[in-house]
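Structural features, examined
Each chain, letter by letter, is given below.
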Amino acid sequence: MLHNRYALRHFVTTCVRFYFRNELPSPITLPEDSSQWKDPEFYEVYSGCAYSDPKLDKEFITIPGGSAYSTTGYYATLKTFKLMKREVTTLDYKECVNAGACRPTYSNNEFDSNRTAVGNAFEEDAKDYCKWIGGRVPTYIEWMYAASYGKDENEIRIFPWGNRFPDFCVTGAYSFRGWSCVNGKVILKVLPYQASIVGCYPDGDTYLGLQDMGGNVLEWVFHSAENRYTAVGGAADLDMDFMLLYGKEVANSTNYDSMNIGIRCAMDVEDAE
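Cut-off values and rules
Residues numbered from 1 in each chain as written. Predicted model: local features only at pLDDT ≥ 70, side-chain atom pairs only at ≥ 80, totals over all residues. Heavy atoms only, no water. Core = buried A, V, L, I, M, F, W, Y, C linked by side-chain atoms within 4.5 Å. Buried < 20%, exposed > 50% of the residue type's maximum accessible area, 1.4 Å probe, protein only. Helix = DSSP H or I, 4+ residues; strand = E, 2+ residues; numbered from the N terminus. Contact = heavy atoms within 4.5 Å. 1 Å grid on protein atoms, 1.4 Å probe; cavity = no way out; pocket = protein on both sides within 12 Å on 5 of 7 lines; lining within 4 Å. Points joined across faces, edges and corners; volume = space filled by probe spheres on them. Pairing = 2+ DSSP bridges. Axes fitted to C-alpha atoms, helices over the stretch in contact; angles between N-to-C directions.

Concerning the nonpolar core
One broad rule of soluble globular proteins: the nonpolar side chains tend to lie buried together. If you look at the biggest cluster of nonpolar residues, it comprises 23 residues, and the most contacted ones within it are Val 88, Tyr 93, Tyr 129, Leu 218, Trp 220, Ile 263 and Cys 265. Elements represented by at least two residues in this core include exactly helix 3 (90–98), helix 4 (123–132), strand 7 (218–223) and strand 8 (228–232). Among the elements that make up this core, the one with the highest residue count is helix 4 (three residues). Once you skip the residues sitting within four places of it in the chain, Tyr 93 turns out to touch Val 88, Cys 102, Arg 103, Thr 105, Val 118, Asp 125, Tyr 129 and Ile 263. Counting residues in hydrophobic clusters, the runner-up holds 21 residues, among them Leu 83, Tyr 140, Tyr 145 and Val 221.

Structure, rendered in C-alpha cells:
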C-alpha cells in the first residue's frame with residue numbers, strides 16, 4: 001500500500017512537471033492592465049510582510065514520526081523530530097557570526113533586510129549554524145516527509161501546501177517570464193537571488209505550519225543514503241518547476257554555494273527538551 005502510494009505520487013509529479021513545461025497553469029492570473037504592474041517603491045516592498053511576526057522566526061515545529069519514502073528508492077521509519085517553522089533570517093545568522101560560530105556570508109541584493117532569508121550559504125555554514133543553536137541539518141528524507149505531511153496518511157501531496165497549482169506571489173515566491181516576487185510584491189524585472197522576508201506567503205504553509213518550503217531560498221539537507229549534501233525547496237529566482245516536491249535538486253557537490261541557498265535546521269526531540 002505504501003509503495004503504491006508513493007509510486008502514484010511520483011507519477012502525478014512527473015505529469016505536473018511535464019505540464020509546467022508546456023502550458024501555464026490556469027490558476028495563475030496576471031492583470032491585463034500593465035499599469036497595475038509598476039515597480040513598487042523600496043518601502044512598499046520592505047513593508048510587504050508586515051504580518052510576518054518576528055516572534056515566529058526561531059520557532060520549531062514537531063514533526064510526528066512515521067513511514068517515509070526517499071526518491072533514492074528506500075523506505076525509512078522516522079522518529080519524531082523538530083524542524084524550524086521558517087528559514088534562518090539574515091539577522092539570526094549574523095548573531096552566529098558575531099558569536100564566532102559561523103563565517104560571514106555575502107549578499108548585496110536590492111531588497112535585502114535583516115529578516116530576509118539568509119542566502120549564499122555553503123553546506124558548512126548550514127552545519128555550523130544548526131550546531132550553534134543545538135540542532136543539525138535535516139536529512140533529505142526528513143525534509144520531504146515534513147513538507148508532504150498531510151492530515152490523511154494516504155494523501156498524495158505534490159506541493160508543500162497541497163495539490164493546487166502555485167499562485168504567483170501567493171503560495172510562494174518564484175520567477176515567471178521576467179516577473180519577480182519579493183515580500184509578496186510583484187516586480188517587473190529579474191531579481192536574481194533576491195529572497196523575501198521569511199513567512200511572507202502563509203497560503204503556501206504546509207499542513208503542519210512550515211513556511212517557505214516552496215520558494216524563497218533553497219535549503220541544505222543531508223542525503224544520508226548517498227552520503228552527500230544537496231539543496232531542495234525551490235527559490236525565488238527559479239521557475240515553477242522547482243515548487244514541486246520530489247522535484248529537482250540543485251546542488252550535489254561538496255561545498256557548493258549559491259546566493260539562493262539558505263538554511264533550515266532540524267532538532268532531535270530529546271535535544272529540544
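Regarding the layout of surface pockets
Here the largest pocket defines a volume of roughly 260 Å³. As for the largest pocket, its lining consists of 21 residues, of which Thr 90, Thr 105, Tyr 106, Ser 107 and Val 118 are closest to the centre.

Regarding helix 5 (residues 140–148)
Across the nine residues of helix 5, nine count as buried, placing the element largely inside the fold. Buried residues of helix 5: Tyr 140, Ile 141, Glu 142, Trp 143, Met 144, Tyr 145, Ala 146, Ala 147 and Ser 148, and no others.

Some words on the sheet that holds strand 8
Read across the open sheet, the three strands follow the order 8-7-9; overall the sheet is mixed. For this open sheet the edge positions go to strand 8 and strand 9 (261–262), each flanked by a neighbour on one side alone. Across the sheet, helix 5 is in contact with strand 7 and strand 8; its angle to strand 7 comes to roughly 125°.

Coordinates in, geometry out; function isn't part of it.
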